[in-house]
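Each chain is listed here by its residues.
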Amino acid sequence: MEQTKKVSLTMKVVFGMILGITIGLAINLSGLNVIGSFTNTYIVDGAFYVIGKMFVNALKMLVVPLVFFSLICGVCGIGNIKTLGRVGSKSFLLYMLTTAIAIAMAISLAATVGIGEGMALESTSQFSANVAPPLTDVFISIIPTNPVKAMANGDMLPLIFYSILAGISMLMVGRKASRLIEAAEVANEVMMKMVTIVMSVAPYAVFALIAKAIAELGLDLLSQLAGYVMVLFSALMLHLFITLMIVLKVFSGLSPSIFIKKIRDAQVFAFSTASSNATIPVTLRTVIERMGVNNSIASFTVPFGATINMDGTAIMQGVATVFIANIYGVDLGITGYLTVIVMSVLASIGTAGVPGVGLIMLSMVFAQVGLPIEGIGLILGVDRLMDMIRTAVNVSGDAVVSTIVAKSEGKLDMTTYANPNAGLINVDEGLHINEAFELELANTLKKTHDQS
Ligand code: ASP
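Please read these numbers as outputs of a predicted model, since none were measured by experiment. (Residues numbered from 1 in each chain as written. Predicted model: local features only at pLDDT ≥ 70, side-chain atom pairs only at ≥ 80, totals over all residues. Heavy atoms only, no water.)

Engineer: It is not clear to me how the overall build of the chain should be interpreted in this structure. Could you clarify?
Structural biologist: Scanning the chain from N- to C-terminus turns up 21 helices and zero strands. Rg of the C-alpha trace for the chain: 23 Å, near the compact-globule value of 22 Å for 452 residues, within the 12% margin. The dimensions of the chain, computed from C-alpha atoms along their principal axes, are 80 × 55 × 45 Å. Counting only contacts in the chain whose residues sit at least 6 apart along the sequence, the fraction spanning at least 24 positions is 85%. Here the chain has roughly 20700 Å² of accessible surface; of this, 65% comes from carbon and sulfur atoms. Averaging the locations of the 26 positively and 27 negatively charged side chains of the chain gives two centres separated by 10 Å. (Helix = DSSP H or I, 4+ residues; strand = E, 2+ residues; numbered from the N terminus. Rg over C-alpha atoms; globule rule 2.2 N^0.38 Å. Contact = heavy atoms within 4.5 Å. Areas by Shrake-Rupley, 256 points an atom, 1.4 Å probe, with all protein chains shown as cover. Lys, Arg positive; Asp, Glu negative; His and termini not counted. Charge placed at Lys NZ, Arg CZ, Asp CG, Glu CD.)

This is the structure in structure tokens:
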């Protein structure tokens, strides 16, 4: 009998990513991607753009219903309301702590290396600052005046608030609401299946997203800003592989090497979309099915983390501040850097995990410490690539905290965590329709129709 070796979806996605980098680089280096050319019109801004955008849309399409139903199930499954408060405070503190460590380490590293010192760079692009919302507004907007509007806008904090309140109220209504809770459980399962369906086309979509991003990258800028890019990249990797893994080990005792292997899906999706928000479905699936975190914890910690936790973004802000302060010859001093740390942590609370939001936060930080906002124009050219990398770090932080909180609450399935194959998507087996059931359903529907 012929033995066909099955390749896991993760491997196919990684393959798509590598191919995307290769083809993207080839297009970039060959100079074919000029505006108006065939390659630019039909391939990069044509096929790659359309496929990538459709895929990101498909991911975003899942976020709101998935968070809504999984949170209702989460609240109803958590046991009691006190636990909910405890899970909330633990994850909030851990998110803030990891972000503060991230930026402090980034500033120290960049200052030690002395990046930007003695450099005279002209700001090539104009950067106009968008403003991040003030903290008071962030707190007020946690409570939506209209939940449907919050859902339509994909506003995560009000959506989380409303879903938790709905879940708690269902518990309070008790027996009468049990059918509603059951319905939410089924809806949650259906949403998870939709995640699997969307993920199954990821190898092609990830290829298109990455090929487009790399084809458009300013490689000359990359070499001009090599110092900034290298320090930033090192700080991000240091945080991902050392700091976060130490935090995981210290707070939960779990094996970091298993974690690193299993988090890959979420990282690749975050890298290709540059959006923690769009990656929520994949992060949620990864921590629940690959790591063994119970839905009652993950349904809260993952969307919460996608909004308030941005370790990678904080690292970028730390490195960029030192870099630009050095270029402009500004000495921020200890107080200045402490302000940067506090501002970055606070700014991360109110801003959603979407592409490029880090720059908005950076302008807020610069305004606070008196650095010229135009300075941001200097790093704009490489920000897209840096955004992709830091988003992968952001979602890894979300997953680390989710896993730690679950372990501390006794809501981590250790068998799943230890099983290397747990939650792997097998496209051939996982995505089929049960034909017998389909026929049975069709007959039932036909009968009902004939009778009426
Ligand atoms: N793109 C990042 C995220 O979604 C935010 C940023 O750093 O711009 O997490």
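Engineer: I'm lost on the side chain of threonine 196 in this one. Help?
Structural biologist: Locating threonine 196 in the fold gives a position in helix α7 (residues 178–200). Among the polar contacts listed, one links the side chain of threonine 196 to the backbone oxygen of methionine 192, at a separation of 3.0 Å. Aside from chain neighbours lying at most four places away, what touches threonine 196 is Arg285, Ile425 and Leu431. (Polar contact = N/O pair within 3.5 Å; in protein donor to acceptor, adjacent residues only side chain to side chain.)

Engineer: Explain the nonpolar core here, please?
Structural biologist: The nonpolar side chains of a soluble globular protein tend to be buried, and buried together. The biggest cluster of nonpolar side chains holds 137 residues, and the ones touching the most others in it are Tyr228, Phe259, Ile315 and Val319. When residues in this core are grouped by element, the largest group, 15 residues, is from helix α2 (residues 38–77). Other than its neighbours up to four places away in sequence, isoleucine 315 contacts Ala102, Met105, Ala106, Leu232, Ala235, Leu236 and His239. One finds Val44, Phe48, Ala208 and Ala215 within the second-largest nonpolar core, a separate group that totals six residues. (Core = buried A, V, L, I, M, F, W, Y, C linked by side-chain atoms within 4.5 Å. Buried < 20%, exposed > 50% of the residue type's maximum accessible area, 1.4 Å probe, protein only.)

Engineer: Sorry, what's going on with helix α13 (residues 276–291) here?
Structural biologist: Compared with the 22 Å implied by 1.5 Å per residue over 16 residues, the 19 Å span of α13 between its first and last C-alpha is markedly short. If you look at α13, its biggest bend is around 35°, right at valine 282. Of all 16 residues in α13, 15 are buried; the element is thus mostly enclosed. Backbone geometry just after α13 places glycine 292 at a positive phi near 95°. (Expected span 1.5 Å × (residues − 1). Bend = angle between axes of the 7 residues up to and from the residue.)

Engineer: Looking at this structure, how should I read a nonpolar patch on the surface?
Structural biologist: Residues Leu97, Ile101, Leu238, Phe241, Ile242, Ile246, Val250 and Phe251 make up a contiguous nonpolar surface patch of about 720 Å² in total accessible area. Counting residues per element, the ones that place at least two in the nonpolar patch are α3 (81–113) and α10 (226–252). For the nonpolar patch, the element with the highest residue contribution is α10, accounting for six residues. Residue position: isoleucine 246 is located in helix α10. (Patch = residues over 30% accessible without salt bridge, like charges linked within 9 Å, V, L, I, M, F, W, Y side chains within 5 Å. Salt bridge = Lys/Arg side-chain N within 4 Å of Asp/Glu carboxyl O.)

Engineer: Sorry if this is basic, but what is going on with the site of the ligand here?
Structural biologist: Near the ligand there are 14 residues, and of these Ser276, Thr313, Gly358, Asp387 and Arg390 occur at the shortest range. Between glycine 356 and the ligand, the recorded distance is 3.5 Å, taken from a backbone N or O atom to an oxygen atom. A distance of 3.0 Å separates an oxygen atom of the ligand from a polar atom in the backbone of valine 357. Per-element tally for the shell around the ligand: the top contributor is helix α18 (residues 380–408), with four residues. A breakdown of the residues in the shell around the ligand according to their chemical character gives four nonpolar, eight polar and two charged. (Near = heavy atom within 4 Å. Nonpolar A, V, L, I, M, F, W, Y, C, P; charged D, E, K, R; others polar.)

Engineer: Explanation requested: helix α16 (residues 333–350) in the structure shown.
Structural biologist: A turn of α-helix holds 3.6 residues, and therefore any two residues three or four places apart point the same way. If you check α16, its first and last C-alpha atoms are 27 Å apart, about what 18 residues at 1.5 Å a residue would give, namely 26 Å. Among the residues of α16, those classed as buried are Gly336, Tyr337, Val340, Ile341, Met343, Ser344, Val345, Ala347, Ser348 and Ile349.

Engineer: Sorry if this is basic, but what is going on with the packing of aromatic side chains here?
Structural biologist: According to the stated counting rule, one finds eight aromatic pairs in the structure shown. Ring geometry for phenylalanine 38 and tyrosine 42: centres 5.0 Å apart, planes at 40°, overall tilted. Of this pair, phenylalanine 38 and tyrosine 42 are both found in helix α2, four residues apart, which corresponds to roughly one turn of the helix. Given a relative accessible area of 57%, phenylalanine 38 falls into the exposed group. Three or more aromatic residues link up through ring pairs in this structure, and these residues are Phe92, Tyr95, Phe300 and Phe304. (Phe/Tyr/Trp six-rings, centres within 6.5 Å; stacked < 30°, edge-to-face > 60°.)

Engineer: Would you explain unusual backbone geometry in this entry?
Structural biologist: Glycine aside, negative phi is the norm for most residues, and most peptide bonds take the trans geometry. One non-glycine residue, alanine 274, lies in the positive phi region at around 55°. In this fold, alanine 274 is placed in the loop between α12 (264–273) and α13. Under the relative-accessibility criterion, alanine 274 is labelled buried at 1%.

Engineer: Sorry, what's going on with the packing of helix α14 (residues 295–308) against α18 here?
Structural biologist: Between α14 and α18, whose axes approach to 9 Å, the crossing angle comes to 150°. Classed by the angle they form, the pair α14 and α18 counts as roughly antiparallel. With respect to the hand of their crossing, α14 and α18 are arranged in right-handed fashion. Contacts between α14 and α18 involve Ile297, Thr301, Val302, Gly305 and Ala306 from the first element and Asp398, Ser402, Val405 and Ala406 from the second. The residue makeup of the contact of α14 with α18, split by class, is five nonpolar, three polar and one charged. (Axes fitted to C-alpha atoms, helices over the stretch in contact; angles between N-to-C directions. Parallel < 35°, antiparallel > 145°, perpendicular 65-115°, else oblique. Left-handed = near helix turned anticlockwise from the far one by under 90°.)

Engineer: Please clarify how the pattern of salt bridges should be interpreted in this entry.
Structural biologist: Side-chain pairing between opposite charges can occur once the charged atoms of the two side chains come close. This model, assessed by the stated rule, comprises eight salt bridges. Salt-bridge contacts for arginine 285 lead to glutamate 289; the nearest nitrogen and oxygen are separated by 3.2 Å. In this pair, arginine 285 and glutamate 289 are both assigned in helix α13, four residues apart and thus about one turn of the helix distant. Assessed through its relative accessible area of 6%, arginine 285 is described here as buried. Look at glutamate 289 and you get partly exposed, because its relative accessible area is 31%.

Engineer: What is the right way to read the side chain of glutamate 409 from this model?
Structural biologist: By the secondary structure assignment, glutamate 409 is in the loop between α18 and α19 (414–418). Here lysine 90 takes part through its side chain, which lies 2.6 Å from a polar atom of the side chain of glutamate 409. Setting aside its immediate chain neighbours within four residues, glutamate 409 contacts Thr83, Arg86, Val87, Lys90 and Ile297.

Engineer: How do you make sense of the environment of serine 163 when you look at a structure like this?
Structural biologist: Along the chain, serine 163 falls in helix α6 (residues 156–173). According to the relative accessible area criterion, serine 163 is buried, its value standing at 0%. Each C-alpha atom of the pair serine 163 and valine 75 lies 8.7 Å from the other, and the pair is 88 residues apart in sequence. Apart from residues lying up to four places away in sequence, serine 163 is in contact with Phe68, Leu71 and Ile72. Within polar-contact distance, the side chain of serine 163 engages the backbone oxygen of leucine 159 at 2.6 Å.

Geometric values such as these leave the question of function open.
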